[in-house]
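# Notes for the structure review
Each chain, written out:
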Amino acid sequence: MRVLGLTGGMGAGKSTVARFFRRAGWPVFDADLVVHSLQAKGGAAVPEIARLWPQTVRDGAVDRKALRRAVIGSPDQIAALEAIMHPLVRQARWRFLSRMRRRGVRTCLLDIPLLFEIGADRDCDAVIVVTAPLAVRLRRIMRRRSLSEEQARALLARQMSDKERNRRADHLLHNGLSRGHTARQMKRLISQLETMP
């Protein structure tokens, strides 16, 4: 089975690209979706998050905005949260890959924002990196997360640099210009990947 990784800086447009792959019939592991389920009511991450940040859990589920406020700007707090989340997401990823192998899937996609940072690229045969202009990314992050520009820049600063991420890419997709531009790139890339042995 061929495993492709999908990553990119925050706000680059990975979700848009992942949708193209889903429409093409490719199974996609969505790390963000897994995080949401782990922090939802009954999620495996809730008890430990409640222990460390009790003010962020309401009715058995994590209030993600409250959690973001609790950890943002504190590397130690962010590291503590990552120590909870990363092993749980890794287990979910392994279960996904095992299911895909049992089903005889030819190609699947791992959509992971911190793919390189957590070493998940080692599970991939090739990595697709989505990139977009910084101004576009900042605007998206500020709007989606209700953050100031300073907070958005602080989040981006914790990630791998665009230069390093792009250098490590097997395939680079430029997003943020227009939907049509992204769609044309995706059509070419999917066609190219589907004809690879």
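Residues numbered from 1 in each chain as written. Predicted model: local features only at pLDDT ≥ 70, side-chain atom pairs only at ≥ 80, totals over all residues. Heavy atoms only, no water.

Our working definition: UniProt positions are given in the numbering used here, feature names are shortened, and annotations may be inferred rather than shown by experiment.
You'll find the protein entered in an unreviewed UniProt entry as Dephospho-CoA kinase, with Asaia lannensis NBRC 102526 given as the organism. What UniProt records for the protein under Function (unreviewed entry) is the sentence "Catalyzes the phosphorylation of the 3'-hydroxyl group of dephosphocoenzyme A to form coenzyme A." The UniProt entry for the protein carries the following comment under Sequence similarities (unreviewed entry): "Belongs to the CoaE family."

### Observations regarding helix α9 (residues 179–194)
Spelled out, the test is: Segments assigned H or I by DSSP are reported as helices when at least four residues long, segments assigned E as strands when at least two residues long, and all are numbered from the N terminus. The span you would expect from a helix comes to 1.5 Å times its residue count less one. Exposure categories follow from relative accessible area, calculated using a 1.4 Å probe and restricted to protein chains: below 20% of the type maximum is buried, above 50% is exposed, and the middle band is partly exposed. For this quantity, the arc is that covered by the directions from the helix axis to the C-beta atoms. Whether two residues touch is decided by their heavy atoms; if any such pair falls within 4.5 Å, the residues are in contact.
Taking 1.5 Å per residue, 16 residues should reach 22 Å; α9 reaches 22 Å between its end C-alpha atoms and fits that length. What α9 keeps buried is the set T182, Q185, M186, L189, I190 and L193. The arc that holds the buried residues of α9, viewed along the axis, is 130°, so those residues lie on one side. Facing away from the buried side of α9 by more than 90 degrees, the exposed set consists of K187 and R188. Where α9 is buried, its residues meet β1 (2–8), α1 (14–23), β6 (126–131) and β7 (171–174).

### A look at the layout of surface pockets
Definition in use: Definitions used for this entry: grid spacing 1 Å over protein atoms alone; cavity, a set of points where a 1.4 Å probe fits but cannot get out; pocket, an open set with protein on both sides within 12 Å along at least 5 of 7 lines; lining residue, one with an atom within 4 Å of a point. Grid points are joined across faces, edges and corners, and a volume is the space filled by probe spheres set on the points. Nonpolar residues are Ala, Val, Leu, Ile, Met, Phe, Trp, Tyr, Cys and Pro. Charged residues are Asp, Glu, Lys and Arg, and all others, Gly as well, are polar.
Computed from the structure, the largest pocket encloses a volume of approximately 1,400 Å³. Along the wall of the largest pocket there are 45 residues; nearest its centre are M10, D32, R64, P113 and R145. Among the secondary structure elements, those contributing two or more residues to the lining of the largest pocket are α1, α2 (31–39), α4 (64–71), α5 (75–103) and α6 (134–145). Sorting elements by how many residues they give to the lining of the largest pocket places α5 first, with nine residues. Grouping the constituent residues of the lining of the largest pocket by class yields 19 nonpolar, nine polar and 17 charged.

### Comments concerning the sheet that holds strand β2 (residues 28–30)
In any sheet, the strands associate via hydrogen bonds between backbone groups, in a parallel or an antiparallel arrangement. Basically, it comes down to this: Strands are labelled as partners when DSSP assigns at least two bridges between them. Helix axes are fitted to C-alpha atoms over the stretch in contact, other axes to C-alpha atoms as well, and angles between N-to-C directions run from 0 to 180 degrees.
The parallel open sheet is built from five strands, whose spatial order is β2-β5-β1-β6-β7. Edge positions in the sheet fall to β2 and β7, since each of these pairs with one other strand and no more. Between one strand axis and the next, the sheet turns through 20° on average, direction left out of account. Bridge analysis of β1 against β6 gives five bridges, and the strand direction is parallel. Bridge assignment links G5 to a residue of β6, and that residue is V127. The sheet strands contacting α5 are β1, β2 and β5 (107–111), and the helix crosses β5 at an angle near 170°.

### A few points about α6
Taking 1.5 Å as the rise per residue, α6 with 12 residues should run 16 Å; its terminal C-alpha atoms sit 16 Å apart, in good agreement. Within α6, the full set of buried residues consists of V136, R137, L138, R140 and I141.

### Considering a positive patch on the surface
Heads up, the rule is: Without a salt bridge and with relative accessible area above 30%, a residue can belong to a patch; like charges are then joined within 9 Å and nonpolar side chains (Val, Leu, Ile, Met, Phe, Trp, Tyr) within 5 Å. Where accessible areas are quoted, they stem from the Shrake-Rupley method and a 1.4 Å probe; at the residue level, only the protein chains shown are allowed to cover. Any carboxyl oxygen of Asp or Glu that lies within 4 Å of a side-chain nitrogen of Lys or Arg is treated as forming a salt bridge with it. Under this rule, positive means Lys or Arg and negative means Asp or Glu; His and the chain ends count for nothing. By convention, charge coordinates are those of NZ in Lys, CZ in Arg, CG in Asp, or CD in Glu.
A cluster of basic residues, R95, R99, R102 and R103, forms a positive patch at the surface. Counting through the fold element by element, R95 comes out in helix α5. On the basis of relative accessible area, R95 is assigned to the partly exposed category, the value being 49%.

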